[in-house]
Amino acid sequence: TTNNTVQGNYLGTRLNGTSALHNGRAGLGVSSNAFYNLIGGTASGAGNLISGNFDAGLYLIGTSGNLVQGNIIGADAGGTFTIPNAIEGMYVQYAVTSLIGGTVPGARNLISGNSTRGIFLTNSSWNTIQGNYIGTAADGVSPLGNGNTALESADFAGYTLAHEASHSHYHLPDEYYDVEDDPAPECQGNQDDPRCKVLYGIRICANVDDWHTSLMA
């Protein structure tokens with residue numbers, strides 16, 4: 001199936017959007033042979049609330065060409081407190097050419113408060129992650145961290161990451177560092193400093209004066 005639209009739903013919460021009414025697995029799944037789907041959107045009310053589920057909030061597996069925009073994944077409807085999905089906010093595997101977020105008004109996803117990673121990509125390529133808030137509240141500044149990392153990639157997952165506002169309450173575990181990325185001299189031997197994190201080629205450059213963190217390719 002192709003060109004499906006999923007908009008304006010509460011998936012895993014009660015109608016008030018402030019407490020969980022979980023699904024037994026993921027909140028929403030897009031898998032093999034489902035292509036070019038719109039999950040959310042940029043218009044007012046088009047985004048989905050995907051929180052409180054017993055698995056990932058949203059997974060994309062074996063699919064391509066999807067737009068994921070304007071959704072709240074892992075928080076309440078107002079984006080101020082957590083209703084965590086039990087694993088990742090988004091799980092992306094064997095997926096290509098999807099856009100998560102974007103530059104147009106309303107495209108931003110809020111992916112915060114999930115139990116493990118905000119976004120996990122594996123065996124995927126040519127996906128773009130842009131303009132989202134990952135690990136912050138809806139104001140883009142207040143912390144609403146994911147339980148492990150904002151973003152993790154594995155098994156040759158290639159993607160473009162641009163202009164993210166991100167925060168996780170937790171330091172990235174040592175095994176996520178790629179020392180061959182040659183961090184700045186002041187970061188060598190000082191990997192516990194959040195300004196010096198390097199995660200699979202993504203340098204996390206934190207402004208220590210606030211919770212606003214910028215991820216750059």
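**A short note on the overall build of the protein chain**
Then, in step 1: Tallying secondary structure elements over the protein chain gives zero helices and 20 strands in all.
Then, in step 2: Burial analysis of the protein chain (217 residues in total) assigns 50% to the buried set.
Then, in step 3: Counting only contacts in the protein chain whose residues sit at least 6 apart along the sequence, the fraction spanning at least 24 positions is 71%.

**Here we look at the nonpolar core**
Then, in step 1: Core analysis: the largest hydrophobic core is formed by 21 residues, its most contacted members being Leu58, Leu60, Val68, Met90, Ile100 and Ile119.
Then, in step 2: Residue assignment for this core shows that the elements contributing at least two residues are strand 3 (28–30), strand 6 (58–61), strand 9 (90–93) and strand 12 (119–122).
Then, in step 3: Residues Leu110, Tyr133, Ala137 and Leu144 belong to the second largest nonpolar core, which totals seven residues.

**A word on the packing of aromatic side chains**
Then, in step 1: Taken as a whole, this structure holds one aromatic pair when the rule is applied.
Then, in step 2: Here the basic side chain of arginine 108 rests over the ring of tyrosine 133, its NZ or CZ set 3.9 Å away from the ring centre.
Then, in step 3: The cationic tip of arginine 117 hangs over the ring face of phenylalanine 120; the distance from NZ or CZ to the ring centre is 4.1 Å.

**Observations concerning the side chain of asparagine 114**
Then, in step 1: Position of asparagine 114 among the secondary structure elements: in the loop between strand 11 (110–111) and strand 12.
Then, in step 2: Owing to a relative accessible area of 2%, asparagine 114 belongs among the buried residues under this scheme.
Then, in step 3: Beyond its immediate chain neighbours, meaning those up to four positions away, asparagine 114 contacts Ile73, Gly74, Pro84, Asn85, Ile87, Glu88, Gly89, Asn146 and Gly147.

**Brief notes about the pairing of strand 6**
Then, in step 1: On strand 6, burial follows the alternation: Leu58 and Leu60 on one face are buried, whereas Tyr59 and Ile61 on the facing-out side are not.
Then, in step 2: The pairing of strand 3 with strand 6 spans three bridges and is parallel. From the neighbouring strand, valine 30 faces strand 6, where its bridge partner is leucine 60.
Then, in step 3: As paired elements, strand 6 and strand 9 share four bridges and run parallel to each other. For tyrosine 59, the partnering residue across the bridge sits in strand 9 and is tyrosine 91.

**Examining the side chain of asparagine 37**
Then, in step 1: With respect to the helices, strands and loops of the structure, asparagine 37 is situated in the loop between strand 3 and strand 4 (38–40).
Then, in step 2: On the accessibility criterion, asparagine 37 (4% relative accessible area) is buried.
Then, in step 3: Separated by 2.9 Å, the side chains of asparagine 37 and asparagine 4 make a polar contact.
Then, in step 4: In terms of polar contacts, asparagine 37 uses its side chain to reach the backbone carbonyl oxygen of alanine 34, at 3.4 Å.
Then, in step 5: Look past the residues within four positions of asparagine 37 in its chain and what remains in contact with it is Thr2, Asn3, Asn4, Val30, Thr63, Gly65, Asn66 and Leu67.

**Observations concerning the environment of asparagine 4**
Then, in step 1: Position of asparagine 4 among the secondary structure elements: in the segment before strand 1 (5–6).
Then, in step 2: The class of asparagine 4 is partly exposed, set by a relative accessible area of 30%.
Then, in step 3: For the pair asparagine 4 and asparagine 37, spaced 33 residues apart in sequence, the C-alpha separation works out to 4.8 Å.
Then, in step 4: With residues up to four places along the chain from it excluded, the contact list for asparagine 4 reads Tyr36, Asn37 and Leu38.

**Section: the confidence of the model for the protein chain**
Then, in step 1: When pLDDT is averaged across the protein chain, the result is 76; 71% of the residues are at 70 or more.
Then, in step 2: This model gives residues 193–217 a pLDDT under 50, and the stretch forms 75 contacts once residues within four places in sequence are excluded.

**Section: unusual backbone geometry**
Then, in step 1: For asparagine 3, which is not glycine, the phi torsion reads 55 degrees and is therefore positive.
Then, in step 2: Within the secondary structure layout, asparagine 3 lies in the segment before strand 1.
Then, in step 3: Positive phi, close to 50 degrees, is recorded for threonine 97, a residue that is not glycine.

**Concerning the environment of isoleucine 39**
Then, in step 1: Take isoleucine 39: it is sitting in strand 4.
Then, in step 2: Residue isoleucine 39 is classed as buried on the basis of its relative accessible area of 1%.
Then, in step 3: In sequence terms isoleucine 39 and threonine 5 are 34 residues apart; their C-alpha atoms lie 6.1 Å from each other.
Then, in step 4: Not counting chain neighbours up to four residues away, the residues in contact with isoleucine 39 comprise Val6, Leu28, Val30, Asn48, Leu58, Leu67, Val68, Gln69 and Asn71.

Cut-offs applied
Residues numbered from 1 in each chain as written. Predicted model: local features only at pLDDT ≥ 70, side-chain atom pairs only at ≥ 80, totals over all residues. Heavy atoms only, no water. Helix = DSSP H or I, 4+ residues; strand = E, 2+ residues; numbered from the N terminus. Buried < 20%, exposed > 50% of the residue type's maximum accessible area, 1.4 Å probe, protein only. Contact = heavy atoms within 4.5 Å. Core = buried A, V, L, I, M, F, W, Y, C linked by side-chain atoms within 4.5 Å. Phe/Tyr/Trp six-rings, centres within 6.5 Å; stacked < 30°, edge-to-face > 60°. Lys NZ or Arg CZ within 6 Å of the ring centre and 35° of its normal. Pairing = 2+ DSSP bridges. Polar contact = N/O pair within 3.5 Å; in protein donor to acceptor, adjacent residues only side chain to side chain. pLDDT = per-residue confidence, 0-100.

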